[in-house]
Amino acid sequence: MKVSAQVPATIANLGCGFDCLGLALPIFNTVTVEETVLPGSGIEINIIDEDGENDTSNIPRDKSNIVYKAIELLYNYIGQSPNELKISIKTQIPVARGLGSSASVIVGGLYAANELLGRPADEAVLLSIATEIEGHPDNIAPAILGGVVLSDWEGDGSVVANKLPWPNDWVVTICIPDYELSTEISRSVLPKEVSMKDAIYNLRHSAMFVQAVYEKDEELMKLSLKDKLHQPYRMKLVPGLSQIMNDLKHTDGVLGCVLAGAGPSVAIIQNGTKNDIIKETVQNAWNNINVNAQIYTLPVLNEGAKIIL
Ligand code: HSE
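Bear in mind the structure is a predicted one, so any value in this text is a computation, not a measurement.

Caption draft 1: Spatial organisation of the side chain of Asn271. Here Asn271 lies in the loop between β9 (266-270) and α10 (275-288). Of the residues examined, Asn271 reaches a relative accessible area of 18% and is grouped as buried. A polar side-chain atom of Asn271 sits 2.7 Å from a polar atom in the side chain of Thr273. Leave out the neighbours within four places in its chain, and Asn271 touches Asp169, Trp170, Glu218, Gly253 and Leu255.

Caption draft 2: Region of the structure containing the nonpolar core. Counting 40 residues, the largest nonpolar core has Ile71, Ile87, Val107, Leu110 and Ile144 as the members making the most contacts within it. Taken together, the elements giving at least two residues each to this core come down to β1 (2-12), β2 (21-35), β3 (43-48), α1 (66-77), β4 (85-91), α2 (101-116), α3 (123-134) and α4 (140-145). At 9 residues, the largest contribution of residues to this core is made by α2. Ignoring anything within four residues of it in the chain, the contact list for Leu110 reads Ala70, Ile71, Leu74, Leu126, Ile129 and Ala130. Membership of the second largest hydrophobic core comes to 30 residues, among which are Ile11, Leu14, Trp166 and Leu225.

Caption draft 3: The arrangement of the site of the ligand in detail. The immediate surroundings of the ligand are formed by Ala12, Asn13, Phe18, Asp19, His136, Asp138, Asn139, Thr183, Arg187, Arg234, Gly261 and Ala262. In this structure, Asp138 approaches the ligand through a side-chain N or O atom, which is 2.6 Å from a nitrogen atom. Here an oxygen atom of the ligand and a side-chain polar atom of Arg234 are 2.8 Å apart. Coverage of the ligand by the protein chains reaches 96% of its 260 Å² of free accessible surface.

Caption draft 4: Geometry of the pattern of salt bridges. The full count for this structure, using the stated rule, is 7 salt bridges. The partner of Glu115 in a salt bridge is Arg119, with the nearest N and O atoms 2.9 Å apart. Exposure remark for Glu115: the relative accessible area of 22% places this residue in the partly exposed category. For Arg119, a relative accessible area of 57% translates into the label exposed.

Thresholds applied
- Residues numbered from 1 in each chain as written.
- Predicted model: local features only at pLDDT ≥ 70, side-chain atom pairs only at ≥ 80, totals over all residues.
- Heavy atoms only, no water.
- Helix = DSSP H or I, 4+ residues; strand = E, 2+ residues; numbered from the N terminus.
- Buried < 20%, exposed > 50% of the residue type's maximum accessible area, 1.4 Å probe, protein only.
- Polar contact = N/O pair within 3.5 Å; in protein donor to acceptor, adjacent residues only side chain to side chain.
- Contact = heavy atoms within 4.5 Å.
- Core = buried A, V, L, I, M, F, W, Y, C linked by side-chain atoms within 4.5 Å.
- Near = heavy atom within 4 Å.
- Areas by Shrake-Rupley, 256 points an atom, 1.4 Å probe, with all protein chains shown as cover.
- Salt bridge = Lys/Arg side-chain N within 4 Å of Asp/Glu carboxyl O.

Next comes the structure, spelled out in structure tokens:
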């Protein structure tokens, strides 16, 4: 028997909510898990990209693969170890662009394996296992729940995730440059400690973010999407980002421009009225420094991971 799970892309941080805010977008990875008889190590991992080509990158295909590790934790949770597993991953979400590709495959593997095992784990357990593998909950939570999610990872490993009532007409223009930036590198430039002033700045703005969503208040949203904890340090890794942010500051319809997760993609939260101007502004800024990009305006996806036939 084999089971497939489809999981959306996600954008973490959303400016002010470093490691705790995230949203889901309608771009998907699909993970299929099959218990089967296999020669050798008892594990086979295949990755196929959007064009149906076999992925030849150096993503591990052995038991150190994050999807396998997540599935192993699920088996351990029910007091078992996985036997022979074939894991197939179909990717639509570009890797290392700040779109939650690792969270999506971790969640996909867990959802598919949980279904295969007769659903022993509930959502809380899946959130906790997936976050343990990923290291932070801000991509995992919207990948599982869909929508815009505020998440917290407690010291005991439990994850508290709350979906916010995102207005339907607030959409995201996602700008994906043609180069990769690993989360590891992007986290390595962050300071180990920040000033009380900067911590309070983000605290204020993330509280404002929640209120802006509940009140559907565009002016408050514009104020809230600011950050002093990660974006200033990451600017140097994403050429053109500060230019794009400046250029879009006073563009009609733009509620905010943020780094998508750890980057290098840039996300513009907007009210859907000026799609072309926004696209053109980003394209111009990046063209000037020879960065090619794919740019899409997408709604926030309200549905998270699901089992598909
Ligand atoms: N919150 C994480 C970061 C998301 O910004 O490093 C990337 O996975």
